[in-house]
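Examination of the molecular architecture
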Amino acid sequence: MANKVHRRPAIKTETFHGIITTSDQMRHVFELLRRIARTDGTVLIRGETGTGKELVARAVHNLSRRRKQPFMAINCATLTPELAASELFGHRKGAFTGAVRDRRGLFAAGNRGTVFLDEVAELSLDIQARLLRVLQERTIVPVGSTDPVKVDVRLLSATHRSLRGEVEARRFREDLMFRVRVVPIFLPPLRERPGDVTALLWHFIDSFNERDYRRVTAIDDRAYEAILAYHWPGNVRELHNAVEYAMTIGEGTTITLDELPPELRGEHPPRSDAVVSLREEERQRVLQALRQAQGKKGKAAEILGVNRTTLWRKLREFNIT
Ligand SMILES: Nc1ncnc2c1ncn2[C@@H]1O[C@H](COP(=O)(O)OP(=O)(O)OP(=O)(O)O)[C@@H](O)[C@H]1O
Ligand SMILES: [Mg+2]
């Protein structure tokens, strides 16, 4: 007997600077972005990995009066402590071994434009102090120099953590938090916008259909169920990759369950020690937050930088009562 299949439904989506959605919460974010873009306010974008933080940052820049000026992005998690100051604020020739010539940092390169600090919570306390000065005085001091240089940049930052939680753990300066988060924007995880799973699924299928040789017009019932039931920890990026996986390894016009990545088929990838200890680390973080919040779940969720539903899921997953 032929399995039931699902074909492309008629879905009403909204697209905003490459961000596709069916969710009212996201529409509200778009409205906020339109307003924010008119100003020079600093914006902190919060959201899990793959929720579209970088797309949002680019949208703000492209809507702003700075659109013709540079958009400079850097992932703070990849900055090494020795080179972070130089990468961000530049250095003078001879400032340290290997500094054979002057270097313009990210802020100077982004002058008159927008600087996007991804994973801003990962900055060291030393760099946080320097960044605070940049925001307060609108000048940078290159490494090896004492002369401040004027810069005019609009700062956007992103993090998957709760900055408030980082402040409480004394890993982030409170004064800097208030500076970078004048307008906070929260991007909900994909699992909390179920309409978007379907909409983006078909959107990605359409775009691969145009690009690749395989043309997909349907998804079989079991594959469809698996896609809807999955919790998408990697959010939109993971959905995109799952579609690409199916398009690459499968054949014919219908996507079937065995063409989906193992995680979606409910198979657990072989557990390496690294995975076990990451899980244990996460369990400890949850316990620690609960202790800090004296058992209040709403507070604990805030400390962890997740919403209540996510916390509730984690408590169940880790058998914490
Ligand atoms: N709503 C959306 N519509 C279409 N594409 C999206 C959407 N959200 C995210 N994407 C795509 O998913 C990928 C991840 O998005 P992006 O890089 O903006 O996420 P991120 O939040 O910055 O992730 P990370 O925290 O891992 O840096 C990109 O390829 C982006 O184009
Ligand atoms: Mg990003």
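Residues numbered from 1 in each chain as written. Chains lettered and ligands numbered in written order. Predicted model: local features only at pLDDT ≥ 70, side-chain atom pairs only at ≥ 80, totals over all residues. Heavy atoms only, no water.

Section: the site of ligand 1
Our working definition: Near, as used in this document, describes a residue that has one of its heavy atoms within 4 Å of the molecule or strand being considered. Contacts described as polar in this section are N or O atom pairs within 3.5 Å, which, within protein, must combine one atom able to donate a hydrogen with one able to accept it, while residues neighboring in sequence count only if both atoms come from side chains. Per-residue accessibility takes into account occlusion by the displayed protein chains alone, with areas from the Shrake-Rupley method and a 1.4 Å probe. We count a stretch as a helix when DSSP gives it H or I for four or more residues in a row; a strand needs E for two or more, and each element gets its number in order from the N terminus. By the convention adopted, Pro, Cys, Tyr, Trp, Phe, Met, Ile, Leu, Val and Ala count as nonpolar, Lys, Arg, Asp and Glu as charged, and the other residues, Gly among them, as polar. An automatic or database domain assignment is the source of the domain bounds shown.
Looking at ligand 1, there are 15 residues lining it, with Ile20, Thr49, Gly50, Lys53 and Arg237 nearest. Take Leu55: an N or O atom from its main chain is 3.2 Å from an oxygen atom of ligand 1. For ligand 1, whose accessible area on its own is 630 Å², the fraction buried by protein is 81%. Here the shell around ligand 1 takes three residues from helix H2 (residues 53-63), the largest share from any one element. Classifying every residue of the shell around ligand 1 gives five nonpolar, five polar and five charged. When residues of the shell around ligand 1 are assigned to domains, at least three map to each of domain 1 (5-14 + 190-259) and domain 2 (24-186).

Overview of helix H5 (residues 125-137)
Operational definition: The span one expects for a helix is its residue count, reduced by one, times 1.5 Å. The criterion used for residue contact is that any of the two residues' heavy atoms lie within 4.5 Å.
Counted at 1.5 Å a residue, the expected span for H5 with its 13 residues is 18 Å, and the 18 Å between its end C-alpha atoms agrees. Structurally, H5 contributes buried residues whose contacts are with helix H3 (84-89), helix H4 (106-109), strand S6 (114-118), strand S7 (139-140), strand S9 (154-159) and helix H7 (174-180). Immediately downstream of H5, the backbone of Arg138 shows phi near 55°, a positive value.

Re the packing of helix H12 (residues 297-304) against helix H13 (residues 308-317)
Rules: Between the N-to-C directions of two axes lies an angle of 0 to 180 degrees, each axis being a line fitted to C-alpha atoms and, for a helix, fitted only over the stretch in contact. Angle categories: roughly parallel below 35 degrees, roughly antiparallel above 145, roughly perpendicular from 65 to 115, and oblique for all the rest.
Look at H12 against H13: their axes get within 9 Å of each other, and the N-to-C directions meet at 100°. One finds that H12 runs roughly perpendicular with respect to H13. Taken together, the residues of H13 that come into contact with H12 (itself represented by Lys297, Gly298, Ala300, Ala301 and Leu304) are Arg308, Leu311 and Leu315. Residues that form the contact of H12 with H13 fall into these classes: five nonpolar, one polar and two charged.

Considering the sheet that holds strand S12 (residues 254-255)
Spelled out, the test is: One requirement defines pairing of two strands: DSSP has to find at least two bridges between them.
An order of S1-S11-S12 is seen for the three strands of this open sheet, with the pairing classed as mixed. The outermost strands of the open sheet, each flanked by one partner alone, are strand S1 (5-7) and S12. Direction of pairing for strand S11 (residues 218-220) relative to S12: parallel, over a ladder of two bridges. Within S12, the residue paired with Ile219 across the bridge is Ile255. Helix H8 (residues 194-211) contacts S1, S11 and S12 of the sheet and is inclined by roughly 125° relative to S11.

Overview of the side chain of Asp220
The test is simple: Working definition: with a 1.4 Å probe on protein chains only, accessible area under 20% of the residue-type maximum means buried, over 50% means exposed, and in between means partly exposed. As used throughout, the charge tally considers Lys and Arg to be positive and Asp and Glu to be negative, leaving His and the chain termini uncounted. What counts as a salt bridge is simple: a side-chain nitrogen of Lys or Arg found within 4 Å of a carboxyl oxygen of Asp or Glu.
By the element assignment, Asp220 lies in strand S11. One buried charged residue, Asp220, forms no salt bridge at all, with the nearest opposite charge on Arg222 at 5.7 Å. Engagement of the side chain of Asp220 in a polar contact is seen with the backbone nitrogen of Arg222, the distance being 3.1 Å. Only 2.9 Å separates the side chain of Asp220 from the backbone nitrogen of Ala223, close enough to count as a polar contact. Apart from residues lying up to four places away in sequence, Asp220 is in contact with Asn3, Lys4, Val5, His6, Thr254, Ile255, Thr256 and Leu257.

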